[in-house]
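Report on the structure
Each chain, written out:
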Amino acid sequence: MGTGSAPGKIILLGEHAVVFGETALAAALPFGVTVDAELRSSGGMRWSGDEVPRGDARVEASLALLARETGVAHAELKVSSALPVGGGLGSSAAFAVAVCRALRPDLVEAEVNRISLLSEQLFHGTPSGVDNAVCTSGGIIRFRRGEPAVVERVSSSRPLHIVIGLTGRSRQTSTNVLSLRQRVADEPSRWRPVVERLGALAEGGVDDLRRGALVSLGARMDEAHALLSSASLSSPELEQIVFAAKSAGALGAKLTGAGGGGAAIALSEEPEKVAHAISARGFDVRVVEL
Ligand code: PMV
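It should be emphasised that the depicted structure is a prediction, and the values quoted were computed from it without experimental measurement.

Put simply, helix α8 (residues 236-247) and helix α9 (residues 271-279) touch, their axes get as near as 8 Å, and they point 140° apart. When the axis of α8 is compared with that of α9, the two are oblique. The two elements α8 and α9 cross, and the hand of that crossing is right-handed. Residues Ile241, Ala244 and Ala245 of α8 form the contact with α9, whose participating residues are Val274, Ala277 and Ile278. Its residues assigned to classes, the contact of α8 with α9 shows six nonpolar, no polar and no charged.

Now the structure itself:
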């Protein structure tokens, strides 16, 4: 019997731009996915767990891939997850990392990261790799895609209090990524600078974290949200969460991940007040310290 776990994640800055080679700043959450695996001699890969959608062909395809890549063909998996599916908190990446670790506790981090990226490709088409990188490494990372990708640990000189507001609406990352790709292809002079600015905000955010400049980090989050909204990547629910958070004094608030649903995050020195304002509008919240 082996147990593997992996954290969920939020993207503080740089989502979408990271697909185009810009920097992203991502952080692991203090909760995620845990998998208990019992190795068997036959029967293939079987799994149980309420939080993973049954009948999702991508889950089955991912398990087949994970079996092939880990060299473990037969196992009984018990999956428990604190992450909403399609909720922008990295559930698919955390799932792959946790399964890898449960099946093969001996694998080094780079190998777990490589295999979980292959699984992410089944779920999301051509992902940047930021989700699997942060779910593998934990902590806060500065990420840039490439061969090899840049994954650099960032330590914040002050604790970050983040409030996560869940829209309860799941969405497909690949659809949103394609919609921005289309905009950039159709109108590069308008959208390229937006992508570059999102990347620059993430680079600046790395600096802010190191210096503990939370007001500046919050302002970058606000600007990133406005840019992502201008590319139609927000949603009415995300706007409500961001508005509630800002009205309650958050230093910054933005959608996190692919947008169009999923989750929004707010940076605050009074997280309980912000959480209350968001939940008063009927949304589920999580308060985390990073
Ligand atoms: O699937 P999500 O919501 O965690 O989004 C991932 C971040 C994107 O930049 C939108 C996509 C990617 O591949 O990096």
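It is worth spelling out the site of the ligand at this point. Residues in contact with the ligand amount to 16 residues; listed here are only the nearest, Lys9, Ser128, Asp131, Arg171 and Thr173. Contact between the ligand and Ser128: an oxygen atom at 2.5 Å from a side-chain N or O atom of the residue. For the ligand, whose free accessible area comes to 380 Å², the fraction covered by protein is 95%. Put simply, the parts of the chain that give the shell around the ligand at least two residues each are β1 (2-13), α4 (130-137) and α5 (173-186). Within the shell around the ligand, the residues separate by chemical class into seven nonpolar, five polar and four charged.

Rules used in this analysis
- Residues numbered from 1 in each chain as written.
- Predicted model: local features only at pLDDT ≥ 70, side-chain atom pairs only at ≥ 80, totals over all residues.
- Heavy atoms only, no water.
- Axes fitted to C-alpha atoms, helices over the stretch in contact; angles between N-to-C directions.
- Helix = DSSP H or I, 4+ residues; strand = E, 2+ residues; numbered from the N terminus.
- Parallel < 35°, antiparallel > 145°, perpendicular 65-115°, else oblique.
- Left-handed = near helix turned anticlockwise from the far one by under 90°.
- Contact = heavy atoms within 4.5 Å.
- Nonpolar A, V, L, I, M, F, W, Y, C, P; charged D, E, K, R; others polar.
- Near = heavy atom within 4 Å.
- Polar contact = N/O pair within 3.5 Å; in protein donor to acceptor, adjacent residues only side chain to side chain.
- Areas by Shrake-Rupley, 256 points an atom, 1.4 Å probe, with all protein chains shown as cover.

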